[in-house]
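Summary of the model geometry
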Amino acid sequence: MPLAKEPDPPERDVSTSDLTAGEREGGHRTRRKWSARRIPAALVAAVILVAAVATLVDVIAVRAGRPASAWRRHLADELATRPVDDVWMLTGAAVAAAVGVWLIVLALTPGQRRWLPLRSPAGCPRLRAFVDRNSAAVLLRDAAMRVPGVGAAHVMVGRHRIKARADVRFRDPRQVKDDLTAVLDEERDRLALARPPRIAVRTRRRTR
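Worth saying up front: this structure is predicted, and the values here are computed from it rather than measured.

**A short note on the overall build of the chain**
A tally of helices and strands in the chain yields 6 helices and 6 strands. Along its sequence from the N terminus, the chain presents helices and strands in the succession β-α-α-α-α-β-β-α-β-β-α-β. Long-range contacts, defined as pairs at least 24 residues apart, comprise 66% of the intrachain contacts of the chain with a sequence gap of at least 6. Total accessible area on the chain is roughly 13900 Å²; 59% of this is exposed by carbon and sulfur atoms.

**Focus: unusual backbone geometry**
Phi is positive for Arg 171, close to 75°, though the residue is something other than glycine. Secondary-structure assignment places Arg 171 in the loop between strand E5 (161–168) and helix H6 (173–190). The backbone phi angle of Ala 192 is positive, close to 55°, even though this residue is not glycine. Along the chain, Ala 192 falls in the loop between H6 and strand E6 (198–205). Residue Ala 192 is classed as buried on the basis of its relative accessible area, which comes to 4%.

**Quick notes on the nonpolar core**
Core analysis: the largest hydrophobic core is formed by 23 residues, its most contacted members being Leu 140, Val 150, Val 155, Val 157, Leu 180, Leu 184 and Leu 193. At the level of secondary structure, the elements contributing two or more residues to this core comprise strand E3 (129–132), helix H5 (133–145), strand E4 (150–157), E5 and H6.

**Topic: the pattern of salt bridges**
Any two side chains of opposite charge can pair if their charged atoms end up close together. Under the counting rule described, the total for this entry stands at 13 salt bridges. The partner of Arg 114 in a salt bridge is Asp 132, and the shortest N-O contact between them spans 3.0 Å. Of the two residues, Arg 114 sits in the loop between helix H4 (87–108) and strand E2 (115–117) while Asp 132 sits in strand E3, which places them 18 residues apart along the sequence. With relative accessibility at 47%, the residue Arg 114 sits in the partly exposed group. For Asp 132, a relative accessible area of 8% corresponds to the buried category. In this structure, Arg 174 engages Asp 172 in a salt bridge whose closest nitrogen and oxygen atoms are separated by 3.6 Å. Accessibility expressed as a relative area gives 26% for Asp 172, which makes it partly exposed.

**Regarding the confidence of the model for the chain**
Detailed reading of predicted coordinates is not advised where the pLDDT is low. Taken as a whole, the chain shows an average pLDDT of 80; of its residues, 82% reach a score of 70 or greater. Confidence drops under pLDDT 50 across residues 1–27; counting only partners more than four residues distant or on other chains, this segment forms 61 contacts.

**Some details on the packing of H5 against H6**
H6 packs onto H5 with a crossing angle of 145° between their chain directions and a minimal axis gap of 9 Å. Every pair of crossing elements has a handedness; the one defined by H5 and H6 is right-handed. Counted together, Leu 139, Leu 140, Ala 143 and Ala 144 of H5 and Leu 180, Val 183, Leu 184, Glu 187 and Arg 188 of H6 form the full contact between these two elements.

**Quick notes on the side chain of Glu 187**
Its location among the elements puts Glu 187 in helix H6. With near-sequence residues (within four places) excluded, Glu 187 lies in contact with Leu 139, Leu 140, Ala 143 and Arg 146.

**Some points on the pairing of E6**
Bridge count between E5 and E6: 8 bridges; the pairing is parallel. Within the sheet, the bridge partner assigned to Arg 165 lies in E6 and is Arg 202. Read from E5 through H6 to E6, the crossover connection turns out right-handed.

**A closer look at the sheet that holds E6**
Read from one edge of the open sheet, 3 strands run E4-E5-E6, paired in mixed fashion. In this open sheet, the two strands that pair with only one neighbour each are E4 and E6. Averaged over neighbouring strand pairs, the angle between their axes works out to 15° when direction is ignored. Pairing of E4 with E5 involves 7 bridges; the strand directions are antiparallel. For Val 155, the partnering residue across the bridge sits in E5 and is Ala 164. In the packing of H5 onto the sheet, contacts are made with E4 and E5, and the angle to E4 comes to roughly 155°. In the packing of H6 onto the sheet, contacts are made with E4, E5 and E6, and the angle to E6 comes to roughly 150°.

Thresholds applied
Note on numbering: residues in each chain are counted from 1, in written sequence order. Side-chain atom pairs in this predicted model are given and counted only at pLDDT of 80 or more, local residue features only at pLDDT of at least 70, and totals for whole chains, interfaces and linings cover all residues. Computation of side-chain values: all heavy atoms of the structure, hydrogens and water removed. Working definition: helices are DSSP H or I runs of at least four residues, strands are E runs of at least two. Numbering for both runs from the N terminus. Residues are treated as being in contact if the distance between any of their heavy atoms lies within 4.5 Å. Calculation of accessible area relied on Shrake-Rupley with a 1.4 Å probe; when residues are assessed, cover is drawn exclusively from the protein chains displayed. Throughout this description, buried means an accessible area under 20% of the type-specific maximum (1.4 Å probe, protein chains only), exposed means over 50%, and partly exposed covers the range between. The nonpolar core is taken to be a set of buried Ala, Val, Leu, Ile, Met, Phe, Trp, Tyr and Cys residues, with the residues joined through side-chain atoms within 4.5 Å. A side-chain nitrogen of Lys or Arg and a carboxyl oxygen of Asp or Glu constitute a salt bridge if their distance falls within 4 Å. A score from 0 to 100, pLDDT tells how confident the predictor is in each residue. All axes are obtained by fitting lines to C-alpha atoms, using only the stretch in contact for helices, and the reported angles, taken between N-to-C directions, cover 0 to 180 degrees. Note on convention: the crossing is left-handed when the near helix lies turned anticlockwise from the far helix by less than a right angle, right-handed when the turn is clockwise. Strands are treated as partners if at least two bridges between them are detected by DSSP. Here is how to tell: hold the view so the strands point away, follow the path from the first strand over the helix to the second, and if it runs clockwise the crossover is right-handed.

Below, the structure written as structure tokens:
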């Protein structure tokens, strides 16, 4: 089960099996992991760099006695002559506003939705560990397959809910559902998640 850890000291790996019941119950709640936003930052930096270099080169050329570039003259004429309610002006303003809102959302939200924070041990508040949602789903699915009567299982782990679907080959589906809920609840507690999601179980009878 892969774990991600922040570089805050002290640095050491931790797994859910290393946490005792007391540490899971009394540990510190870990916040979500923040994304570095490398791709959006690289795109914005590239656009700004290209625009700045092109403008700087044209300004230097004008200072050297050459005429301004056609694109800069055309852009200046368009901005000076087009009215504010022009469709292209409104479209450009809408695009710029949408990009600005997108950047603000990226700056104010942590991202990294596929990582679930684990509860930090009581004695190590700076230790931060995370588990991948797909890895947690695999562990829960394996636990579900150990329930008598379950022939196939599919588990999806979200931030707020764990959805499990199981095919019942034998036994009463209601009993299988109760046993499956109990097993998944126990396995979820073993993960020591900082914010344990709710468990929703659906069963269906399959005879083939």
